Amino acid sequence: MAHMWGNIGPRVAQLSPLERVRLRRVAVRYALHGWEVTPGACLARSRFVCGRAGCPTVGCHPALVDWEHSASADPARIATWWRTRPHGVLLPTGRAFDVLEVPAHVGRDVLFAVQSHPAGPGVRGPVLSTPTGRWMFLVRPGDPLRPELEHCFHVVRHGPGSWIPAPPTRLPEGAVRWVVAPEQARWQLPDSYLVQNSLIAELQASGVPLAAEQLVPGHLPLPRRGG
C-alpha cells in the first residue's frame with residue numbers, strides 16, 4: 001500500500017506520535033472488551049484519505065475495502081493498523097452492539113430520562129457524541145426499530161453493515177467524545193427497546209409526530225428480558 005500513500009503523507013493531519021499511540025491504545029482496549037474494530041481513513045485538513053487510488057469518498061469512511069470481513073477484535077492485528085498511520089477508530093455495528101443515533105437535543109433529553117429510569121442499569125449504557133451534533137446510544141444488537149420510529153427522520157439505527165466513529169477519532173469539526181464512557185457503564189449494554197421507549201416518550205413530549213401512533217398498542221414489541 002505504500003505507493004498509494006506516496007503523495008498523501010504531507011497532507012495528513014499533523015498528529016503527534018503520542019496521539020497516534022493513543023488511537024492505537026484505545027482501539028486495542030475496545031477489542032479487549034469484545035468490540036471489533038476497523039481502521040478509518042486519515043483526516044487530512046478537511047477531508048479523509050484512505051490511500052486507495054481513486055477513492056472518491058472525502059468524508060469519514062473505512063480505510064479498507066473489505067472492512068466488514070477485516071474488522072477484528074485481535075489486539076495484535078489491531079496494533080499493526082496503527083503502527084504508522086493515525087487512522088480513525090471505527091466500530092462495526094450489528095455485532096457486539098447496535099447504535100441508535102439521534103440529534104443532540106433529543107439525546108440529552110433521553111439521557112436524562114434513562115438516568116432516572118425505574119429499570120435502573122438495564123437501560124443505561126455507553127453514549128457518544130459527534131462534533132456535528134449527533135448522539136449515539138449503544139444497545140444490545142438484533143432488535144429492529146419499533147414501528148413508531150421506523151420512519152422518524154430523527155432516529156437512525158445502525159445494525160449489520162454499518163459502523164460508527166469512536167472516540168478519540170477526529171472529524172474536521174472536532175473529536176468524537178464519550179458522553180457516557182463504556183467504563184462508566186461497566187461495558188454493559190442496555191436493552192434496545194427500553195432505550196427506544198424513552199426515545200418515543202421524549203419525541204412525543206417535544207411534539208414530533210410518530211407515524212405508528214395509530215397502531216394497536218398490543219401489537220407493539222415489548223422490551224426483551226435481560227440475558
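Residues numbered from 1 in each chain as written. Predicted model: local features only at pLDDT ≥ 70, side-chain atom pairs only at ≥ 80, totals over all residues. Heavy atoms only, no water.

**Notes on the sheet that holds strand 12 (residues 177-180)**
Part 1 of the reasoning: Strand order in the open sheet formed by 5 strands is 8-5-7-6-12, with antiparallel pairing between adjacent strands. Both edges of this open sheet fall to strand 8 (156-158) and strand 12, since each of them pairs with a single strand only. Direction aside, the axes of adjacent strands within the sheet are offset by 30 degrees on average.
Part 2 of the reasoning: With 3 bridges joining them, strand 6 (residues 127-129) and strand 12 adopt antiparallel strand pairing. Each residue of the ladder has a partner; that of Val127, found in strand 12, is Val180. (Pairing = 2+ DSSP bridges. Helix = DSSP H or I, 4+ residues; strand = E, 2+ residues; numbered from the N terminus. Axes fitted to C-alpha atoms, helices over the stretch in contact; angles between N-to-C directions.)

**Comments concerning the pairing of strand 7 (residues 134-139)**
Part 1 of the reasoning: Counting buried positions over the 6 residues of strand 7 gives 5, a clear majority of the element.
Part 2 of the reasoning: Where strand 5 (residues 98-103) and strand 7 come together, 6 bridges link them in antiparallel fashion. Within the sheet, the bridge partner assigned to Leu100 lies in strand 7 and is Phe137.
Part 3 of the reasoning: Here 3 bridges tie strand 6 to strand 7, and the two strands are oriented antiparallel to one another. Within strand 7, the residue paired with Val127 across the bridge is Phe137.
Part 4 of the reasoning: If you look at the hairpin formed by strand 6 and strand 7, you'll find 4 residues sitting between the two strands, and Gly133 has a positive phi there, around 90 degrees. (Buried < 20%, exposed > 50% of the residue type's maximum accessible area, 1.4 Å probe, protein only.)

**Here we look at the sheet that holds strand 4 (residues 88-92)**
Part 1 of the reasoning: One open sheet holds the 3 strands; their spatial order is 1-4-9, and the pairing between them is antiparallel. Looking along the sheet, the strands with just one partner apiece sit at the ends: strand 1 (38-40) and strand 9 (163-165). Along the sheet, successive strands turn relative to each other by an average axial angle of 35 degrees, direction set aside.
Part 2 of the reasoning: Strand direction decides the pairing type here: strand 4 and strand 9, joined by 3 bridges, are antiparallel. Each residue of the ladder has a partner; that of Leu90, found in strand 9, is Pro165.

**Topic: the environment of Thr93**
Part 1 of the reasoning: Assignment of secondary structure puts Thr93 in the loop between strand 4 and strand 5.
Part 2 of the reasoning: In this structure Thr93 comes out as buried when scored by relative accessible area, which is 1%.
Part 3 of the reasoning: Residues Thr93 and Trp163 lie 70 residues apart in sequence; the distance between their C-alpha atoms is 5.1 Å.
Part 4 of the reasoning: Leave out the neighbours within four places in its chain, and Thr93 touches Val99, His158, Gly159, Pro160, Gly161, Ser162, Trp163 and Ile164.
Part 5 of the reasoning: Within the structure, the side chain of Thr93 is placed 2.7 Å from the backbone oxygen of Gly159, a separation counted as a polar contact. (Contact = heavy atoms within 4.5 Å. Polar contact = N/O pair within 3.5 Å; in protein donor to acceptor, adjacent residues only side chain to side chain.)

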